Each structure stands twice: as structure tokens, then as C-alpha cells.
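# A structural walkthrough
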Amino acid sequence: MKKKILSLLIMTAMVIGLLAGCSTKKASPAANTQTTEGNSSGEKEAAGDEEVTLSLVWWGNQTRNDLTQKAVELYMKNNSNVTIKTEFTDWSGYWDKVSTMAAGGNLPDIMQQDYAYINQFQESGQLADLTPFIKDGTIDTTNIPESILDSGKIDGSVYALSLGSNAPMMAYDKEIVEKAGVTIPEQPTIDELYEIGQTIYEKTGVQTYFDGGINYIQYLARTTGSYLFDELAKGTLDSSLLYFNSIAKFSDTDFCIPANLLVEKDPEIVETKPIIDQSTWNDLSFSNQFISVSSTAGRDLGICMWPTTADATTQPEYLKPSMFFSIAETSENKEAAAKFIDWFTNSEEANEILMGERGIPINTEIADFVKSKVDNVTAQVFDFIAKVTEIAEPIDPPSPSGFSEVEELGKKLVETLRYGEINAEDAANQYVTGSKEILEEAAK
Amino acid sequence: MKKNSMSPKRKRTIGQIMNRKEVAGYVFILPFLIGFFGFIILPMLVSFGFSFTRFNILKTPSFIGLQNYITMFTSDATFWKSFGATLYYVVFSVPLRLIMALIVAMLLVKSTKLSGFYRAVYYLPSIIGSSVAVAILWKRMFASNGVINAMLQSTGIPSTIAWLGRTDTAIWTLIILAVWQFGSSMLIFLSGLKQIPVSLYESAKVDGANGIHRFIKITLPMLTPTIFFNLINQIINGFMAFTQSYIITQGAPRDSTLFYTVYMYQNSFAYGKLGYGCAMAWVMVMFVGLITFILFKSQKRWVYYEAER
């Protein structure tokens, strides 16, 4: 009998040990770093001696992941008391991931943030106010233009710091374009793009891609000085109809890449974009992606603005904060996180690694510094942004809640349209009525 | 021992309670019980509560009664589409997988030197089949310039079909992936086959029954409990399928491969409608429960238990 009791006690102890396993694990890395700190004590200890573990998440592609990882490692080397745990995914899975983290109350200390989502996260109190850190100089903003700081401001407080500027851009395959003997204007109209696409297909057999998702509907709304989400809230059809008509115009032709190929050559993921394997000669995205698209394609690409309309009354092209860093309200190490963001934005050593992959650095001195170092591809982006800066109109306000569902609805309708199961007018109607419902529901 | 028997009042000391046989059993399954109640039952109950709320994942939930369920059944076309796609997937993938598993199990039932090796090899897809890596491999294989088309071309069929891009073929790439993972059903069939008494076959042979007769009259009836078990298991698995759809197609084209679970996931985490997602989950629980119930009821008609004879 006594043996039995003993064995049961041992069992229970094992079970408890097992259950406690999770918490022991958490504690151990801290203990490890403590010992390593003892060994390398004399280095730059600007952040103080306290042990800090920061978590950092971003969305990206292979290029960005490699560069960011390298920068993070350098930071940890210089600040031996800081450990940074990184996580990254591609764009499509990112927001699912972070909103789940947010719901669980364990948003990472630093998250990469997007202009379209910043409102939702701020509204629900997930983001820390960065204004105190800017005021006390933890985040140095002397060389950052006010307009860029404003892009991360909500109700007068800064909740996110931009990591770079970018603009809507169309990349094209120089070799194919030359072979077809066409020239691409700095900002083609939709009709011009249509003709160019036709010529290229006749001469080379390479197809055209035409869509920029919800960003492009907003872009088209901007050609008439309108704001898409105002239109959708009111149930106005204008810009949506223009968009679906344009999509239909292209998808009816045989020089446009068919919908069934876009399932496997997903334009939303850099690595599978149809321009990469020359299924198409062009691609619509944002200028900071030019670097990773170029390096993935391994060819010389050209760069121009998104197609506008022939009768545009205002310039639709705009400068956009490509992405932000924001700090979680739940973070216990806000100051250390702010210090990292400051280093990421304002130090030459960080930006020498990052090389403007997230967009042109917002610190003007750093931008000049990086520009002197970059390769041809990045220089193209710098020049492009300079050109856009001259003509750009201010960006639309951050998108309202329900944005992602509206975006998805648009994608589905475009797909339906491309499969020839709906006409442009019906698609536009369904889009506007559907979006109105979604936005009203999301605002509740 | 002696001390205990001397003082009857102290009979129920911890030691005494711990010594009872049932208690030992419970202690041994304690890790499972904690996990089961803490990570399955409790979240399920919580999600049932959430299914009556409007719950944007970033905000606090507000009670809206049956609204989620009403919306789902009356005005959400995508809900029905995803439900249909999932049903289609289950209806084809489960029987095909079981047939495949049974065929391979019958081939492997004879013990040879290599049978262990073959079993391991055929079981392998079940382990790796639902992984992300295989999903991506599948996507490449069925691409318009992928391996499948190259193989078809080498046999003289000029195929440039974008398998994943057609509403009629895309779901079949997922079904084939599911059929390929027949390993666990195969192992269960194998053990089922081995339990069929050899004497039955021998006497049938004496009576002059050929292979087909023996299969239909002996193997199948004797195997029905195993088939029943596999069927229920696989149907439940089929409705829970997620990775394939999420990684390979994301529901494209035209929602033809949008599995119920993926749509549920999109609602909960991408659109921030967690309450709606919970309601969808409960509809699925009810539906799978109903199917399982019907199958159990139908048992009497076709499942043969030797012991009940």
C-alpha cells in the first residue's frame, strides 16, 4: 500500500512539474541572458543595465525578413541587456495574427502597423501614446518633417511612427517593354495602359496585369477629388463603377492575364507575383515593394505611377507612410521599445542595413545618408519618390473599421467579374450596397 | 495498516482515499482531464456565450441575441457556399480515402519481410500530409506549369490546365490530397482484417467460394465495425479540414474551395466578427453531431458485431 501511495505522489509531482513547465520555460531565457550580460559588460549600455526582453512582429517578404533580422541582431549586440524576439509573416496572415494576439492581451511590445489598420487598433486602446517619448527625446524627431509625424497622429497624439515613405507604383519589365518597342509614360492613363498592353501582347506574347485592389478604387476616387469611404457610406456608385468598368475592360481581352492563373500566381505575395516569372510585364503595388520584387525577379525593372483616368480633375498619386512601428499599451517595456524605434529610425548603422526597404527613411539626414550608399534599384525608388513628392496630393484619412471585409468583398467581386459571372454594373452595385452594410455593422 | 484499523474515525485519511482503486485511475488520467476541461470544454462553453454577441475582436462584446444565427441562415450567401464546398469535399474525400485505405490494407495484410517497411511508407503521408510544406508542394504540383501538367504532357496529353484556377477542378486537388493521407485508416483496417478468423476463409474455400465471394461475404461484413469507426472518424476530420484550403487556395476560385473552417476563421480574425465565428462553430458542432447521431442509429442496419450473434 505504501508503495502505491508513493508512486501516486511521484505521479502527481510529475504532473505538476509538467504543468509548471510552461512557466519555467519562460523564466529560463532571461536567466541565460543574465549570464551572457555578465561576460560582455563593458559595451554601450545606453539603455541601462536592466534586463529587457522585447517582442517585435512585422509582415514582410524574404528581403525584409533578412534585413530586419540583421538589424535586430546588431541592436542586441550593441545593447547586451536587450533581447528581442522576432516574428514575421506575410501580409495576408499578419492581421489575423496580431488581432488574435490583441484579443488575448499579449500584443507584442513593438508591432509593425499599417495606415489602414491604425484607427481600429487605437480606437480599442491597444496602442501606447508615443508623445511622451517624443517630448522627452527618447525618440528623436529633430530631422523628421512634421507632416510625416502627423500621419501617425490620432486626436493630436502620436500612436505610430512611420518607417518610411512610399507611393503607389507600377513596376514593369524593361526587357519586355523594349522588345515590344513601347515607352511607358511616367503616369499612364488607363487607356494608354490598355494600348500598351495590347501592343506588348502582339509583339511578345506577354500579358498584362491590371488591378490594385481597394487601394486602386480609392485611387480612382481621388481622380475626381472624392474619398471612397464617404462614397460607400452614402451609397454613391461613381468610383466603384469606374473601377469595375476598368477591370472588365481589361479582363474581356486576351492580353490580360486570366483569372485562373492568378490563383496560383497570387499578386499579393511578392514571391508569386506574375511579373516574377514573366507571365506579365507589369505589376501594381507600392514603391517600397520595388526592391523586393526586383531582387526576387532578378531582372531590371522600370517604375512608374499607377494609371490614372484621362479626364482626371486632380492628381490621384499620393505619398503614404509605408508602415509604422507602434508600441502596445500592454507592453511593460515601453521605454526600451521606444529606444529601439529611435535607433531603427535615426541611426546610420541601422539604416545602412535596412537600406530603405520599408520606404524612404523619414529622417531627412538619414535619407541622404542612405541615398549615397544605395544600389541602382533603391536609387530608382528614391528618384521615383522625389518625382511623386512634387505632384502628390495629401493622402486619404485612415480607413474605417470594416475595411478588411470591404476589401475582401471587392476582391471576390473582381474574381466573379473575371470569371464572367457578373457584369461590371452589377458588380459595382453589389459592392456599394455590400460595403455600406459592412461599414454600418462595423461601426456599431 | 494496523494503526488505521485501530482508529475507525481516521479511516478516511488522504492515504486511505488515495489508496482506492478508482482514485488511482483518476490520478492517472488527470493530465488529460485538466487539458480536456481547461482547453476544450471551457473554451467551447465560452464560445457558446460569445455566439450571441457582436464581438469585434478588439472591442468588448455586446449581446445581440440570435442575430448571428439569423444572419447566417438568411442573408449570408458565402456561408452557404462554404457549407456546400465543405460538404462536397467530405462526400467525395471520405469514401475515396476509405476505399484507398482498404485496398492498401488488403495488399499489406500478408506478412512478408518488407511489410513493416511498406506500412511505414504508406503511413507517412498521414503524418506530413496536413503540414504547410505539403500544402505548398501541392500548390506547385498543380500549377499550370507544374509537375502534374508536365507528366500529362509527357504522356502525350497536351494539358495546360490551371488546376487550381478552375472552379470544377480546384476542389479535386484538395480531395486528392485528402485521399493521399489514407494511412491512419489503413492501419485501423489492417488490425481489423487481422482479427477476422482464418477458419471462416478456410471453410469458404472448401465450399468453393472464389476471392470476390470471400471478400463480399466474409471480409466486408466482418469488417463493418472497423468501417463504421473509420467512417465517423474521417467524417469529423473532413469537416475540420483547414490547412489545405487556407494555404493552397484561400477559397479561390470563386469560393469553390472555401472550407467552412476557413470562412469561420476569416470572420473571426480577419473581419473581426468573433461572435459570428463562434456562432458558425456551433452550427458546425450541431451538424457534425447530427450526422454522427444518424450514423450511430443506422448502425443496426449494416454494422455486424460478432459478439451480438
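This structure is a prediction, so every number in the text was calculated from the model and none was measured.

## So, the overall build of chain B
- Scanning chain B from terminus to terminus reveals 15 helices and two strands.
- The C-alpha atoms of chain B give a radius of gyration of 25 Å, which is well past the 19 Å a tight globule of 309 residues would have.
- Each principal axis of the C-alpha atoms in chain B carries an extent, and together these give about 90 × 75 × 35 Å.
- The 309 residues of chain B split such that 29% are buried.
- For chain B, the proportion of contacts with a sequence separation of at least 24, taken over those separated by at least 6, is 68%.

## Here's the deal with the overall build of chain A
- Along chain A, the regular secondary structure elements total 19 helices and 12 strands.
- Counting only residues that meet the buried cut, chain A has 45% of its 444 residues in that class.

## Overview of the domain arrangement of chain A
All names here are of chain A.
- Domain annotation of chain A identifies domain 1 (50-163 + 321-388) and domain 2 (166-319 + 391-443).
- The distance between the C-alpha centroids of domain 1 and domain 2 comes to 27 Å.
- With eight residues, the top contributor of residues to the side of domain 1 that touches domain 2 is helix α17 (residues 376-391).
- Class assignment of the residues belonging to the side of domain 1 that touches domain 2 gives a composition of 10 nonpolar, nine polar and five charged.

## Describing the packing of helix α12 (residues 211-240) of chain B against helix α15 (residues 274-302) of chain B
All names here are of chain B.
- It is the contact of α12 with α15, at a shortest axis distance of 11 Å, that shows an interaxial angle of 170°. Considering their axes alone, α12 and α15 lie roughly antiparallel with respect to each other. Along its contact with α12, which presents T224, F228, L231, I232, I235, I236 and F239, the element α15 presents M284, V288, I291, T292, L295, Q299 and W302.
- By residue class, the composition of the contact of α12 with α15 is 11 nonpolar, three polar and no charged.

## Remarks on the pairing of strand β9 (residues 282-286) of chain A
Residue and element names in this part refer to chain A.
- Across the five residues of β9, four count as buried, placing the element largely inside the fold.
- In this sheet, β9 lies alongside strand β8 (residues 168-173) in antiparallel orientation, the contact comprising five bridges. Residue pairing in the sheet places M170 in a bridge with L284 of β9.

## Describing the confidence of the model for chain B
All names here are of chain B.
- Per-residue confidence for chain B gives a mean pLDDT of 86, with 94% of residues at or over 70.
- Here residues 1-7 scores under 50 on pLDDT; set against residues more than four positions off or in separate chains, the count is four contacts.
- Complex prediction metrics read pTM 0.80 and ipTM 0.78.

## Brief notes about the sheet that holds strand β12 (residues 324-327) of chain A
Residue and element names in this part refer to chain A.
- Strand order in the open sheet formed by five strands is β2-β1-β3-β12-β6, with mixed pairing between adjacent strands. In this open sheet, the two edge strands, each paired with only one partner strand, are β2 (82-89) and β6 (161-162).
- Of the pairings in the sheet, the one linking β6 to β12 comprises two bridges and is antiparallel in character. For S162, the partnering residue across the bridge sits in β12 and is F324.
- Sitting on the sheet, helix α2 (residues 62-78) is in contact with β1 (52-59) and β2, with an inclination near 170° to β2.

## Considering helix α7 (residues 132-141) of chain B
Residue and element names in this part refer to chain B.
- All of the buried residues along α7 are V134, W138 and K139. Within α7, the buried residues cover an arc of 145° as seen down the axis, which keeps them to one side. The exposed set on the far side of α7, more than 90 degrees from its buried face, consists of V132, A133 and I136.
- Against α6 (115-128), α9 (170-180) and α13 (243-249) lie the buried residues of α7.

Conventions adopted
- Residues numbered from 1 in each chain as written.
- Chains lettered and ligands numbered in written order.
- Predicted model: local features only at pLDDT ≥ 70, side-chain atom pairs only at ≥ 80, totals over all residues.
- Helix = DSSP H or I, 4+ residues; strand = E, 2+ residues; numbered from the N terminus.
- Rg over C-alpha atoms; globule rule 2.2 N^0.38 Å.
- Buried ≥ 20, exposed ≤ 12 C-beta atoms within 10 Å, placed from the backbone.
- Contact = placed C-beta atoms within 7 Å.
- Domains from an automatic or database assignment.
- Nonpolar A, V, L, I, M, F, W, Y, C, P; charged D, E, K, R; others polar.
- Axes fitted to C-alpha atoms, helices over the stretch in contact; angles between N-to-C directions.
- Parallel < 35°, antiparallel > 145°, perpendicular 65-115°, else oblique.
- Pairing = 2+ DSSP bridges.
- pLDDT = per-residue confidence, 0-100.
- Arc of directions from axis to C-beta.

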